[in-house]
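As a plain string of letters, each chain reads:
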Amino acid sequence: MANQIASPHVLTQAIIMASDPTASHQTRVEASSILDQVRSSALADVATGDSTNIEGGSSIRTIQTVLDLLVLGSSDERVVFFCMTIIQAYLAAEAANSLSVATAAANVQTRLEIRGAILGTILGISASNAASSTAAHIVPASLNPSYMKTKVGVILAQLIRADFMDSWNTAFDDLMRHLVGGGQAKALVGPMDMVREEIYLRTLEAICDEIIDSPPPSRSDRSNAIKDVMRGYRLASDGSNIAPDASISGRIVDSILELLNFYRPLMT
């Protein structure tokens, strides 16, 4: 019989109570127990693809409940931290397990929804990347701490490891287009633009950890394939290699230099 997972509203209250030093010990223990159940159930979803009953009797995967909670509570640092911690653990468990075809297919859709929540809800990027001038100057409180920016970068790197070359073959182009400003627009850079650029750099650092330097043993072949694509090996229409400066790696270097050249004069 499936476990019952609390609704997003109840989970929000549990997150608040678990982190409230003025709440009673018993209240914090009970709240933490609810949150631990969500984590366990979400990780179980990875291998089975099963849905779980939530309050009200409907059936839904626990990770979907976490994504709903992320959208509803995106302005609260505690809620966002909890949700991103669960998502990060979910993606790590997925990378470490061999999954059935049906479960793997369900998880592809889940990762698409995770990507949409991170880019859209957390980073405020629309489908057309048409962020308003007001949005460029407003940084959500949940993104102020450095560790939150790092978490976003790690999750994006995990999604790239799982989906690049398959369901997200434009991953690096999307990151450079959405997170790095350029050209004359640089003169209009706002606080949120700077946050996105910092997250871009933290994502690159996480890619080094997740894919380049120390990939999980179960994903070493995939990591090597991603590295080959990034270097431009055998990607041209005639089957030859792409020139280094036109490869993904070359364009990443160019984007880093662009940021360095823009911000270095501001630091002197």
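Everything below is about the structure shown above.
Residues numbered from 1 in each chain as written. Predicted model: local features only at pLDDT ≥ 70, side-chain atom pairs only at ≥ 80, totals over all residues. Heavy atoms only, no water.

*Asks:* Can you walk me through the overall build of the protein chain in this structure?
*Replies:* A tally of regular secondary structure across the protein chain gives 10 helices and three strands. For the protein chain, the residues scored as buried account for 40% of the 268 residues in total. Of all intrachain contacts in the protein chain linking residues separated by at least 6 positions in sequence, the fraction that spans at least 24 positions is 66%. (Helix = DSSP H or I, 4+ residues; strand = E, 2+ residues; numbered from the N terminus. Buried < 20%, exposed > 50% of the residue type's maximum accessible area, 1.4 Å probe, protein only. Contact = heavy atoms within 4.5 Å.)

*Asks:* How do you make sense of the side chain of Asp-20 when you look at a structure like this?
*Replies:* Summarising the element assignment, Asp-20 is placed in the loop between α1 (8–18) and α2 (25–48). An unpaired buried charge is present at Asp-20: no salt bridge exists, and Arg-78, the closest side chain of opposite charge, is 6.8 Å distant. Polar side-chain contacts of Asp-20 include one of 2.6 Å to the side chain of Thr-22. (Lys, Arg positive; Asp, Glu negative; His and termini not counted. Salt bridge = Lys/Arg side-chain N within 4 Å of Asp/Glu carboxyl O. Polar contact = N/O pair within 3.5 Å; in protein donor to acceptor, adjacent residues only side chain to side chain.)

*Asks:* Looking at this structure, how should I read the pattern of salt bridges?
*Replies:* When the charged atoms of two side chains with opposite charge come close together, those side chains can pair. The tally for this structure, following the rule as stated, stands at 10 salt bridges. The residue Arg-161 makes a salt bridge to Glu-210 at a minimum N-O spacing of 2.4 Å. Here the residue Arg-161 occupies a position in helix α6 (residues 146–163), and Glu-210 occupies one in helix α8 (residues 191–213), the gap between them amounting to 49 residues. For the residue pair Arg-161 and Glu-210, the accessibility class agrees, reading buried in each case. Taking the shortest distance from any N to any O, the salt bridge between Asp-173 and Arg-251 comes out at 2.5 Å. Here Arg-251 lies in helix α10 (residues 248–263) and Asp-173 lies in helix α7 (residues 171–179), a separation of 78 residues in the sequence. The exposure class of Asp-173 is partly exposed, given its relative accessible area of 31%. One continuous salt-bridge network, built from bridges that share partners, spans Glu-94, Arg-111 and Asp-163.

*Asks:* What am I meant to see in the environment of Ser-7 here?
*Replies:* Residue placement: Ser-7 occurs in the loop between β1 (4–5) and α1. Considering only alpha carbons, one finds Ser-7 and Val-66, 59 residues apart in sequence, at a separation of 9.5 Å.

*Asks:* Before we go on, may I ask you to explain α8 in this structure?
*Replies:* One turn of an α-helix holds 3.6 residues; hence residues three or four places apart share an orientation. Under the 1.5 Å per step criterion, the end-to-end length of α8 is 32 Å for 23 residues, consistent within 8% with the ideal 33 Å. At Ile-207, α8 is deflected by roughly 35°, the largest bend along its length. (Expected span 1.5 Å × (residues − 1). Bend = angle between axes of the 7 residues up to and from the residue.)

*Asks:* Hey, could you run me through the side chain of Glu-210 in this one?
*Replies:* A relative accessible area of 18% means that Glu-210 is categorised as buried. A distance of 2.4 Å separates a polar atom in the side chain of Glu-210 from a polar atom in the side chain of Arg-161.

*Asks:* Hey, could you run me through the nonpolar core in this one?
*Replies:* Soluble globular proteins: nonpolar side chains tend toward being buried together. Ranked by size, the top nonpolar core spans 64 residues in total, and within it Leu-123 and Leu-156 carry the most contacts. At 10 residues, the largest contribution of residues to this core is made by helix α4 (residues 77–96). In contact with Leu-123, not counting residues within four places along its chain, are Ile-118, Leu-143, Val-152, Leu-179, Met-192, Arg-196 and Ile-199. (Core = buried A, V, L, I, M, F, W, Y, C linked by side-chain atoms within 4.5 Å.)

None of this, on its own, says anything about what the molecule does.
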